[in-house]
Amino acid sequence: MHRPLEVVLAIPVRTYDIDFVGIVSNIVYIRWLEDLRLKFLDEHWQLSQQLEQRYAPVLAGTEIEYKRPIKISDRVIGHLWLSNLGRLKWTVKAEILSNNELAAVAIQKGAFISLQNGRLIKIPEELQKKYFHYHQIT
């Protein structure tokens, strides 16, 4: 299974994540995806470096398909990887597992913008190299 630059994160289910029917609220998955993307940036493309170079990632869309509910006592693990990298846009895919069973899948699309003018910029060359290097060794 090809999962370029994959990150894995143990995700605690908090009492405030639970809705009135006793399962994790759908809005919580958005926060979990943010946590996974931040881990991705920490490991592969540091946000502080981007900000120093006057650009930042922006999110253009999120799709989530819920497979099964998650409860407060479940053990949750998130996986996120860079599934596509174009000239201007990137796509990440994610899976949320609950007790080792698939609970949700997600796709997020985004780009990088200049902090000076708010316009899209090309995917940074170093990130392209890292992504394509992964494909060469797999």
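Everything here concerns the structure above.
The residue numbering used here restarts from 1 in each chain and proceeds along that chain's sequence as written. Where totals are concerned, whole chains, interfaces and linings use all residues; where local detail is concerned, this predicted model gives features only for residues with pLDDT of at least 70, and gives and counts side-chain atom pairs only at 80 or more. Excluding hydrogens and water, the side-chain values take into account all heavy atoms of the structure.

(A) Representation of the environment of Gln-128. Here Gln-128 is to be found in helix 3 (residues 125-137). As a C-alpha pair, Gln-128 and Leu-85 span 43 residues in sequence and 7.3 Å in three-dimensional space. Here Ile-123 takes part through its backbone oxygen, which lies 3.1 Å from a polar atom of the side chain of Gln-128. Helix and strand definitions here come from DSSP, where helices need a minimum of 4 consecutive H or I residues and strands a minimum of 2 consecutive E residues; each element is numbered from the N-terminal end. Pairing of N or O atoms within 3.5 Å defines a polar contact, subject to two protein rules: one partner must be a possible hydrogen donor and the other a possible acceptor, and residues neighboring in sequence count only if both atoms are side-chain atoms.

(B) Main features of the layout of surface pockets. Estimates place the volume of the largest pocket at around 240 Å³. Contributing to the lining of the largest pocket are 16 residues, with Arg-37, Phe-40, Leu-41, Pro-57 and Trp-90 lying nearest its centre. Elements with a contribution of two residues or more to the lining of the largest pocket: helix 1 (26-44), strand 2 (55-66), strand 3 (76-85) and strand 4 (89-98). The dominant element in the lining of the largest pocket, judged by the number of residues it contributes, is helix 1, at 5 residues. By the convention adopted, Pro, Cys, Tyr, Trp, Phe, Met, Ile, Leu, Val and Ala count as nonpolar, Lys, Arg, Asp and Glu as charged, and the other residues, Gly among them, as polar. For the lining of the largest pocket, a count of residues per class yields 14 nonpolar, no polar and 2 charged. Any residue with an atom within 4 Å of a point lines the site, the site being either a cavity, points on a 1 Å grid over the protein atoms alone where a 1.4 Å probe fits but cannot get out, or a pocket, an open set with protein on both sides within 12 Å along at least 5 of 7 lines. Grid points are joined across faces, edges and corners, and a volume is the space filled by probe spheres set on the points.

(C) Region of interest: the pairing of strand 4. Partly exposed residues are those whose accessible area sits between 20% and 50% of the maximum for their type, while under 20% is buried and over 50% is exposed, using a 1.4 Å probe and protein chains only. Burial of strand 4 is extensive: 8 of the 10 residues sit out of reach of the surface. Strand pairing is defined by DSSP finding a minimum of two bridges between the two strands. With 9 bridges joining them, strand 3 and strand 4 adopt antiparallel strand pairing. Within the sheet, the bridge partner assigned to Val-76 lies in strand 4 and is Ser-98. Between the antiparallel neighbours strand 3 and strand 4 lie 3 residues. Linkage of strand 4 to strand 5 (residues 101-114), two consecutive antiparallel strands, is achieved through a turn of 2 residues, within which Asn-99 is found at a positive phi near 50 degrees.

(D) Broad picture of the packing of aromatic side chains. When two rings of Phe, Tyr or Trp (its six-membered ring) have centres within 6.5 Å they constitute a pair, described as stacked for plane angles under 30 degrees, edge-to-face for angles over 60, and tilted for the intermediate range. In total, this model carries 4 aromatic pairs according to the counting rule given. Taking 4.9 Å as the distance between ring centres and 75 degrees as the angle between the ring planes, the aromatic pair formed by Tyr-29 and Tyr-66 counts as edge-to-face. In this pair, Tyr-29 is assigned in helix 1 and Tyr-66 in strand 2, connecting sequence segments 37 residues apart. Take Tyr-29: its relative accessible area is 4%, and that puts it in the buried class. Through a chain of ring-to-ring contacts, three or more aromatic side chains come together here, namely Tyr-29, Trp-32 and Tyr-66. In this arrangement the basic side chain of Arg-3 is found over the ring face of Trp-81, its NZ or CZ atom lying 4.0 Å from the centre. Remark: a charge is flagged as sitting over a ring if the NZ atom of Lys or the CZ atom of Arg is within 6 Å of the ring centre and within 35 degrees of the ring normal.

This is a description of form; function is not addressed.
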